[in-house]
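Topology and contacts: notes
Here is how the chains run, residue by residue.
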Amino acid sequence: MASLFKKKTVDDIIKEQNRELRGTQRTITRDRAALEKQEKQLELEIKKMAKTGNKEACKVLAKQLVQLRKQKNRTYAVSSKVTSMSTQTKVMNSQMKMAGAMSTTAKTMQAVNKKMDPQKTLQTMQNFQKENMKMEMTEEMINDTLDDIFDASDEEEESQDIVNQVLDEIGIEISGKMAKAPSAARGLPSASTSKATTISDEEIERQLKALGVD
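- Looking at an unreviewed UniProt entry, one finds the protein named Charged multivesicular body protein 2B and attributed to Chrysolophus pictus.
- Taken directly from UniProt, the Sequence similarities (unreviewed entry) text for the protein runs: "Belongs to the SNF7 family."

Structural data, given as structure tokens:
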């Protein structure tokens, strides 16, 4: 019972109209077939009357044939009209669906625009940009600190290498001087050995200053 009182939609109305148009088209086709059948019968009758020499009967039948052919031509015209109406109905239905889709889209856009606050959106974007800049600055500071640590380590290694090189050079000279120094008895260091050691220390300081190493 509820379906009887249900309000018809546009699609329902268009479907009903299309069914009626198809039914009309079938009726016109049947009528045309019947007219073509009568047309053939009249042609046979006219030929028969012509053979018997009945001119008056031929004229009457000829007039009926003319009227019947006109009626048949009208069926073609009506059929084309029905086809045109069916096509127009389909086009209108398509246009109405497109309009409905556009209406739905417009409503959706309107709802989204109501939910979206331009000021809040702008503020969110600004906050994002600000926090992003902070993050980049923090990352840069961390990278600089790490670079300083590793650079300092590298410098320390380079300084140590220079000192080792200098000491090696001094050690070679000390070895040379130590080789020229008079040999002493094994045991406690003699006075000459102590003097050579004192000279060697002064020589070390002199060469370090000469190389710029304090």
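**What about the overall build of the protein?**
- What the protein contains, in helices and strands, is four helices and zero strands.
- Reading the helices (α) and strands (β) of the protein from amino to carboxyl end gives α-α-α-α.
- With 214 residues in all, the protein has 14% of them scored as buried.
- Within the protein, counting contacts between residues at least 6 apart in sequence, those at least 24 apart form 74% of the total.
- Carbon and sulfur atoms make up 58% of the accessible area of the protein, which amounts to about 18,000 Å² in all.

**What to know about the confidence of the model for the protein**
- For the protein, per-residue confidence averages 76 on the pLDDT scale, and residues scoring 70 or more make up 68% of the total.
- Across residues 183–199 the pLDDT falls below 50, and counting only partners more than four positions away or on other chains, this stretch makes three contacts in the model.

**Overview of the environment of threonine 89**
- Examined against the element boundaries, threonine 89 turns out to sit in helix H2 (residues 55–115).
- Counting along the chain gives 74 residues from threonine 89 to lysine 15, while the straight-line C-alpha distance between them is 9.4 Å.
- Leaving out residues up to four positions away in the same chain, threonine 89 has contacts with Ile14, Gln17, Asn18 and Leu21.

**Overview of the UniProt feature "coiled-coil region" (unreviewed entry) in the protein**
- Per the UniProt record, the feature "coiled-coil region" (unreviewed entry) sits at residues 25–55.
- In this annotation, residues 25–55 is assigned 94% helix and 0% strand; the end-to-end C-alpha distance for the span is 39 Å.

**A word on a positive patch on the surface**
- Residues Lys15, Arg19, Arg22, Arg26, Arg30, Lys90 and Lys97 make up a contiguous surface patch of positive charge.
- If you list the elements that add at least two residues to the positive patch, you get helix H1 (10–52) and H2.
- If you tally residues by element for the positive patch, the top one is H1, at five residues.
- Among the structural elements, arginine 22 can be located in helix H1.

**With respect to H1**
- Counted at 1.5 Å a residue, the expected span for H1 with its 43 residues is 63 Å, and the 63 Å between its end C-alpha atoms agrees.
- Among the residues of H1, Ile14, Asn18, Leu21, Gly23, Gln25, Ile28, Arg32, Leu35, Glu39, Leu42, Ile46 and Met49 are the ones counted as buried.
- Tucked inside the fold, the buried residues of H1 contact H2.
- Glycine 53, located one to two residues past H1, shows a positive phi value of around 85 degrees.

**A closer look at the pattern of salt bridges**
- Counted under the stated rule, the structure contains four salt bridges.
- Lysine 72 is paired through a salt bridge with glutamate 39; the nearest N and O atoms lie 2.9 Å apart. Of the two residues, lysine 72 sits in helix H2 while glutamate 39 sits in helix H1, which places them 33 residues apart along the sequence.
- With relative accessibility at 15%, the residue lysine 72 sits in the buried group.

**Digging into the nonpolar core**
- Residues Leu35, Leu42, Ile46, Met49, Ala57, Cys58, Leu61, Leu65 and Leu68 constitute the largest nonpolar core, which totals nine residues.
- Of all elements in the fold, only H1 and H2 reach the threshold of two or more residues within this core.
- No other element matches the five residues that H2 contributes to this core.
- If we skip the residues at most four places from it in the chain, cysteine 58 touches Ile46, Met49 and Ala50.

Basis of the calculations
Residues numbered from 1 in each chain as written. Predicted model: local features only at pLDDT ≥ 70, side-chain atom pairs only at ≥ 80, totals over all residues. Heavy atoms only, no water. UniProt positions renumbered as here; feature names shortened; annotations may be inferred. Helix = DSSP H or I, 4+ residues; strand = E, 2+ residues; numbered from the N terminus. Buried < 20%, exposed > 50% of the residue type's maximum accessible area, 1.4 Å probe, protein only. Contact = heavy atoms within 4.5 Å. Areas by Shrake-Rupley, 256 points an atom, 1.4 Å probe, with all protein chains shown as cover. pLDDT = per-residue confidence, 0-100. Patch = residues over 30% accessible without salt bridge, like charges linked within 9 Å, V, L, I, M, F, W, Y side chains within 5 Å. Salt bridge = Lys/Arg side-chain N within 4 Å of Asp/Glu carboxyl O. Lys, Arg positive; Asp, Glu negative; His and termini not counted. Charge placed at Lys NZ, Arg CZ, Asp CG, Glu CD. Expected span 1.5 Å × (residues − 1). Core = buried A, V, L, I, M, F, W, Y, C linked by side-chain atoms within 4.5 Å.

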